[in-house]
Amino acid sequence: MNSTFTPTRTTNTRTIVINALFIALTLVVTMFIQIRLPLMGNGGLIHLGNVPLFIAALVYGKKTGAIAGAFGMGLFDIISGWTLWAPFTFVIVGTMGFVVGLISEKVPGNRILVNTLAIATALIIKVVGYYFTEVILYGNWIQPFGSVPGNIMQVAIAGIIVVPLVSRLKKRI
């Protein structure tokens, strides 16, 4: 019997569907679960879009994490009035997803500690990346410090939510 569905085709289809799902989840969660902080500079925006991003990276790997972060949050910037930020977000958050997935895949040891390390690395990428983005966009070295607390809270809250869930999610997949 000749089947039109080969294992490779099924795997490619599954990958596309998972990537699309996490792009959509990252976009929707970023868009609808957010708080704007009344701080100097950009003010800081706290959202839970990092939750599906980190789940994608820790459960499905670095490529899915990079795709979910870059496209999900990049699309958020484009459709929510932050269009100028979209190219920076694409690179910064895509890098965050890739690095979280890479550390989770490659570093041996206690999974909770490794995943916490991966998210801490993402925190550094986010804070440094958006600091320099604001320096470029605003031409000021002091003003961007106002966004740092929001960026820290964003990633820390997502880490607190995701790290305990990931091991359970991996068992079900």
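Our structure's up above, just so we're on the same page.
Only a predicted model underlies this, so the values are computations on that prediction, with no experimental measurement involved. Along each chain, residues carry numbers from 1 onward, in the same order as the chain's sequence is written. It should be noted that, the model being predicted, local features are given only for residues of pLDDT at least 70 and side-chain atom pairs only at 80 or more, the latter also being counted only at that level, while totals for whole chains, interfaces and linings use all residues. Hydrogens and water molecules were not included; the side-chain quantities draw on all heavy atoms of the structure.

Draft legend 1. Here's a closer look at the packing of helix α2 (residues 50-60) against helix α4 (residues 86-106). Inter-axis angles, ranging from 0 to 180 degrees, are taken between N-to-C directions of lines fitted to C-alpha atoms, where helices are fitted over the stretch in contact. Numbered from the N terminus, helices here are DSSP runs of H or I no shorter than four residues, and strands are runs of E no shorter than two. Two elements in contact, α2 and α4, have axes separated by 8 Å at closest approach and are oriented at 40 degrees. It follows that α2 is oblique to α4 by the angle criterion. In this structure, α2 crosses over α4, and the sense of that crossing is right-handed. Contact residues: N50, L53, F54, A57 and L58 in α2; V93, M96, G97, V100, G101 and S104 in α4. Three classes are used: nonpolar for Ala, Val, Leu, Ile, Met, Phe, Trp, Tyr, Cys and Pro, charged for Asp, Glu, Lys and Arg, and polar for all others, with Gly counted as polar. Of the residues in the contact of α2 with α4, the class split is seven nonpolar, four polar and no charged. Should an angle lie under 35 degrees it is considered roughly parallel, over 145 roughly antiparallel, and from 65 to 115 roughly perpendicular; all remaining angles are considered oblique. Here a crossing is called left-handed whenever its near helix is offset anticlockwise from the far helix by less than a right angle, and right-handed whenever the offset is clockwise. Note on definitions: a residue-residue contact is assigned when non-hydrogen atoms from the two residues lie within 4.5 Å.

Draft legend 2. Expanded view of the side chain of T133. By the element assignment, T133 lies in helix α5 (residues 111-138). The definition of a polar contact used here is a pair of N or O atoms within 3.5 Å, where within protein one atom must be able to donate a hydrogen and the other to accept one, and adjacent residues in sequence count solely through side-chain atom pairs. Within the structure, T133 has its side chain in polar contact with the backbone oxygen of G129 (distance 2.8 Å).

Draft legend 3. Structural detail: α4. One less than the number of residues in a helix, times 1.5 Å, gives the span that helix is expected to have. An ideal rise of 1.5 Å per residue puts 30 Å on 21 residues; α4 measures up with 29 Å between its terminal C-alpha atoms. Summary of the burial criterion: residues with accessible area below 20% of their type's maximum are buried, those above 50% are exposed, and those between are partly exposed, where the area comes from a 1.4 Å probe applied to protein chains only. Every buried residue belonging to α4 is among A86, T89, I92, V93, G94, M96, G97, V99, V100, G101, I103 and S104, and all of these are buried. Elements in contact with the buried residues of α4: α2, α3 (62-79), α5 and α6 (148-172).

Draft legend 4. Representation of the pattern of salt bridges within the structure. When a carboxyl oxygen of Asp or Glu lies within 4 Å of a side-chain nitrogen of Lys or Arg, that pair is called a salt bridge. Across all of its chains, the model carries one salt bridge by this definition. Here E105 ties to K62 by a salt bridge, and the two come within 3.3 Å at their closest N and O atoms. Remark: K62 occurs in helix α3 and E105 occurs in helix α4; sequence separation between them is 43 residues. Given the relative accessible area of 19%, K62 is considered buried.

Draft legend 5. Structural detail: the packing of aromatic side chains. Two rings from Phe, Tyr or Trp (for Trp, the six-membered ring) form a pair when their centres sit within 6.5 Å of each other. Planes less than 30 degrees apart are called stacked, planes more than 60 degrees apart edge-to-face, and all others tilted. Applying the stated criterion across every chain yields a total of nine aromatic pairs. Measuring from ring centre to ring centre gives 6.3 Å for W85 and Y138, while their planes differ by 65 degrees; the resulting arrangement is edge-to-face. Note that W85 is positioned in the loop between α3 and α4 and Y138 in helix α5, a separation of 53 residues in sequence. By relative accessible area, W85 is classed as buried at 8%. The exposure class assigned to Y138 is partly exposed, which follows from its relative accessible area of 35%. Measuring from centroid to centroid gives 6.1 Å for F132 and W141, while their planes differ by 85 degrees, and the two rings are edge-to-face.

Draft legend 6. View of α5. If you check α5, its first and last C-alpha atoms are 40 Å apart, about what 28 residues at 1.5 Å a residue would give, namely 40 Å. In the segment just after α5, G139 is the residue with positive phi, at about 65 degrees.

Draft legend 7. Structural detail: the packing of α4 against α5. For the pair α4 and α5, the least separation of the axes is 9 Å and the interaxial angle reads 165 degrees. Judged by the inter-axis angle, α4 sits roughly antiparallel to α5. For the crossing formed where α4 meets α5, the hand is right-handed. A breakdown of the residues in the contact of α4 with α5 according to their chemical character gives 16 nonpolar, seven polar and two charged.

Draft legend 8. Structural view of the nonpolar core. One finds F54, M96, V100 and V162 to be the most contacted residues of the largest nonpolar core, which totals 34 residues. The leading source of residues in this core is α2, at eight residues. When residues no more than four places from it in sequence are discounted, the contact partners of M96 are N50, L53, F54, A122, I125, K126 and V155. By nonpolar core is meant a set of buried Ala, Val, Leu, Ile, Met, Phe, Trp, Tyr and Cys residues that side-chain atoms within 4.5 Å join together.

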